[in-house]
Amino acid sequence: MNINATLIAQAVVMIVFVAICWRYIYPPILSVMKEREKRISDGLEAAKKADDSLEEAKLAFDKELNQAKAEAAEILDKANARASQIVSDAASKAEAEAEKILTSASTTIENETNKAKEELRQQMSDIIIDTTQKILGDEISKEKHEEILKKAAEEL
Amino acid sequence: MASELTTESYISHHLTNLTCGKTAEGWTCDPYKVDQMGFWAFHVDSLFWSIGLGALFVFVFRKAISKNSDASVAPSGMQNFVEMSIEFVEDNVQSLFGSVKNTLIAPLALTVFVWILLMNLMDLVPVDFLPVLAGHVAYVIAGDAVEWIKGPESLYFKVVPTTDPNITLGMAFGIFILTIYYSITVKGLKAFVAELTLHPFGKYMIPINFVLEMVNFIAKPISLGLRLFGNLYAGEMIFILIALMLFFSSIPIGVLGFGLHLVWALFHILIVALQAFIFMALTIAYLAMAHETEEH
């Protein structure tokens, strides 16, 4: 338990270790710790920001979705209206066409009938003229005869 | 060395350092020539453990940082411990030192704390393990060559450096020099001298002031060193006495000694850490005082 040169040696050793720690150990570890601390706080902040923007994006997405839904409903309504319009248009057009066809058909029939009547009348008058000529000979001229026939035809 | 093992020789064997120094015949570590060595003798065992544990501290901390110096990777294993101790020291320096910027204080406090903790922890190694091992190793290696090693028990070997007042006072001395250095550089020589001479009685009582302040000034490092030494020495002493119960008594007392050893070891863990912490805290406090420029 004597006090001797060990004391001085220990003081020197201590100065050496403190110097090593001061120069080579403490600053690098502390800087790494500080840097990591900064990284962590930055990371947390970034995560918070990301959360916020996610929330924002969700809201925007919802808004867009609702808008799109409304638009879609509108388009659907329009399409429905248009379709029924087309159907009713087509129906009326078809009706008109049908009527037109019907009308033209009846006109044609009438014309044909008239034509047939005319023809029949012509043939009958020819037959009558022939027959009458045969019976009467050439007494009656063709012109006079024609006149008589026309009158008869009109009476018919 | 008496081959007969008595209580007295057992205790003194455990409390004597392996001392090497220069005598009239040259350098020797002969325990019977310690008186001739005078001041220039070295406690080789204390210095061995002190340097060894200091080197362990440097190695472990340096390895932790070299293994993972990338801040983007999570720390693991030893690095967590290293960073925890640095954070602990940083907190203490912050609370005791306040705003004064001095890059040496924190590394100094860290070194002092970890180093003293490691040295104190040697106290928890059972008292006979290392001395007996060292004695046998020395006897086997140098028993024939060195004249004073006559048997395994010829070699004294004290394991806990902080139970050596030279070690604790040596560190306190180093810190004392630092406080003087910072007192002079921060406050200026004039203010430092004034602090030592103009209190507490004013400028007409300078000699008395100086004596009083000097006592105050010198008492700090001495109390710092002796506090650590006293606590650890007493702890070591109790371990030795408990060990005696195991070796020199009947079986019931031996069992009691075993229980006591366990209890004291558990309690001693507290002392080990506490004394290391106190030494560190006082180191910071003394250096903080050296930075204070107080006006009276």
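Residues numbered from 1 in each chain as written. Chains lettered and ligands numbered in written order. Predicted model: local features only at pLDDT ≥ 70, side-chain atom pairs only at ≥ 80, totals over all residues.

S.K.: For this particular structure, what's the right way to read the overall build of chain B?
M.R.: Looking only at helices and strands, chain B features 10 helices and 3 strands. Listed N to C, the secondary structure of chain B is α-β-β-α-β-α-α-α-α-α-α-α-α in terms of helices and strands. Looking at chain B residue by residue over its 296 residues, the buried ones come to 35%. Excluding contacts between residues fewer than 6 apart, the proportion of contacts in chain B whose partners are at least 24 apart in sequence is 66%. (Helix = DSSP H or I, 4+ residues; strand = E, 2+ residues; numbered from the N terminus. Buried ≥ 20, exposed ≤ 12 C-beta atoms within 10 Å, placed from the backbone. Contact = placed C-beta atoms within 7 Å.)

S.K.: Looking at this model, I keep getting lost on the overall build of chain A. Mind explaining?
M.R.: Each helix and strand counted, chain A has 2 helices and 0 strands in total. A compact globule built from 156 residues should have a C-alpha radius of gyration of about 15 Å, whereas chain A, at 60 Å, is more than 25% larger. When the backbone C-alpha atoms are referred to their principal axes, chain A occupies close to 190 × 25 × 20 Å. Each of the 156 residues in chain A was classed as buried or not, and the buried ones make up 10%. (Rg over C-alpha atoms; globule rule 2.2 N^0.38 Å.)

S.K.: Any chance you could explain the interface of chain A and chain B here in plain terms?
M.R.: Size of an interface, as often reported, equals the accessible area lost when the parts are brought together. In this complex, chain A contributes 29 residues to the contact, which on the side of chain B involves 36 residues. Each residue belonging to the side of chain A that touches chain B can be placed in one class, and the counts come to 23 nonpolar, 3 polar and 3 charged. (Nonpolar A, V, L, I, M, F, W, Y, C, P; charged D, E, K, R; others polar.)

S.K.: Any chance you could explain the nonpolar core here in plain terms?
M.R.: Among soluble globular proteins, nonpolar side chains are generally buried collectively. Residues Ala109(B), Leu110(B), Val112(B), Phe113(B), Trp115(B) and Ile116(B) are the most contacted members of the largest nonpolar core, which totals 72 residues. Setting aside chain neighbours within four positions, we find Ala109(B) in contact with Val89(B), Asn92(B), Val93(B), Met280(B), Thr283(B) and Ile284(B). (Core = buried A, V, L, I, M, F, W, Y, C linked by C-beta atoms within 7 Å.)

S.K.: Help me out: how do you make sense of the confidence of the model for chain B in this one?
M.R.: Reading predicted coordinates in detail is not appropriate for stretches of low pLDDT. Here chain B shows a mean pLDDT of 86. Residues at 70 or above account for 95%. The spread of mean pLDDT over the elements of chain B runs between helix 2 (residues 34-37) of chain B, the lowest at 80, and helix 5 (residues 105-121) of chain B, the highest at 93. (pLDDT = per-residue confidence, 0-100.)

S.K.: Hey, could you run me through the sheet that holds strand 3 (residues 41-43) of chain B in this one?
M.R.: Residue and element names in this part refer to chain B. Strand order in this open sheet of 3 strands is 2-1-3, and the pairing throughout is antiparallel. Each end of this open sheet is capped by a strand with a single partner; those strands are strand 2 (26-28) and strand 3. Neighbour-to-neighbour, the strand axes of the sheet open up by a mean angle of 10°, direction not taken into account. Pairing between strand 1 (residues 19-23) and strand 3: 3 bridges, direction antiparallel. (Pairing = 2+ DSSP bridges. Axes fitted to C-alpha atoms, helices over the stretch in contact; angles between N-to-C directions.)

S.K.: When you look at the packing of helix 3 (residues 44-67) of chain B against helix 4 (residues 78-97) of chain B in this model, what are you seeing that I'm missing?
M.R.: The relative placement of two packed helices is expressed as an angle between their axes plus a distance between the axes. Residue and element names in this part refer to chain B. Running from N to C, helix 3 and helix 4 cross one another at 115°; their axes reach a closest spacing of 9 Å. Taken together, helix 3 and helix 4 sit at an angle that is classed as roughly perpendicular. You can see that helix 3 and helix 4 cross each other, and the crossing is left-handed. Of the residues in helix 4, those in contact with Val 60, Phe 61, Ala 64 and Lys 67 of helix 3 are Met 78, Gln 79 and Val 82. (Parallel < 35°, antiparallel > 145°, perpendicular 65-115°, else oblique. Left-handed = near helix turned anticlockwise from the far one by under 90°.)

S.K.: Quick question: what am I supposed to make of the environment of Gly230(B) here?
M.R.: For Gly230(B), the position within the fold is in helix 9 (residues 206-248). Separated by 66 residues in sequence, Gly230(B) and Asp164(B) place their C-alpha atoms 9.3 Å apart.

S.K.: Just to check I follow, could you spell out the pairing of strand 1 of chain B for this structure?
M.R.: Across a regular strand the side chains alternate sides, sitting on one face of the sheet and then on the other. Where strand 1 of chain B lies against strand 2 of chain B, 3 bridges are found, and the strand directions are antiparallel. Looking at the pairing, Gly21(B) lines up with Thr28(B) of strand 2 of chain B.

S.K.: In this structure, what is going on with the packing of helix 5 of chain B against helix 10 (residues 251-291) of chain B? I would like to understand it.
M.R.: Residue and element names in this part refer to chain B. Contact geometry of helix 5 with helix 10 gives a least axis separation of 8 Å together with a crossing angle of 155°. Compared by their axis directions, helix 5 and helix 10 come out roughly antiparallel. Between helix 5 and helix 10 lies a crossing whose hand is right-handed. The segment helix 5 lies against helix 10, with Ile 105, Leu 108, Ala 109, Val 112, Phe 113, Ile 116, Leu 117, Asn 120 and Leu 121 engaging Val 272, Ala 273, Gln 275, Ala 276, Phe 277, Phe 279, Met 280, Thr 283, Ile 284 and Leu 287. Looking at side-chain class alone, the contact of helix 5 with helix 10 contains 16 nonpolar, 3 polar and no charged residues.

S.K.: Hey, could you run me through helix 3 of chain B in this one?
M.R.: Note: α-helices contain 3.6 residues per turn, so residues at a spacing of three or four share the same orientation. Its 24 residues place the ends of helix 3 of chain B 33 Å apart at the C-alpha level, agreeing with the 34 Å of an ideal helix rising 1.5 Å per residue. Buried residues of helix 3 of chain B: Asp45(B), Ser46(B), Leu47(B), Trp49(B), Ser50(B), Leu53(B), Gly54(B), Phe57(B), Phe61(B), Ala64(B) and Ile65(B), and no others. Buried residues along helix 3 of chain B sit against helix 1 (6-136) of chain A together with strand 3, helix 4, helix 5 and helix 7 (165-187) of chain B. (Expected span 1.5 Å × (residues − 1).)

S.K.: What's the story with the environment of Leu149(A) in this structure? I'm lost.
M.R.: All names here are of chain A. In this fold, Leu 149 is placed in helix 2 (residues 142-155). For Leu 149, a count of 18 C-beta atoms within 10 Å corresponds to the partly exposed category. Dropping the residues within four chain positions of it, Leu 149 is found in contact with Ser 125 and Ile 129.

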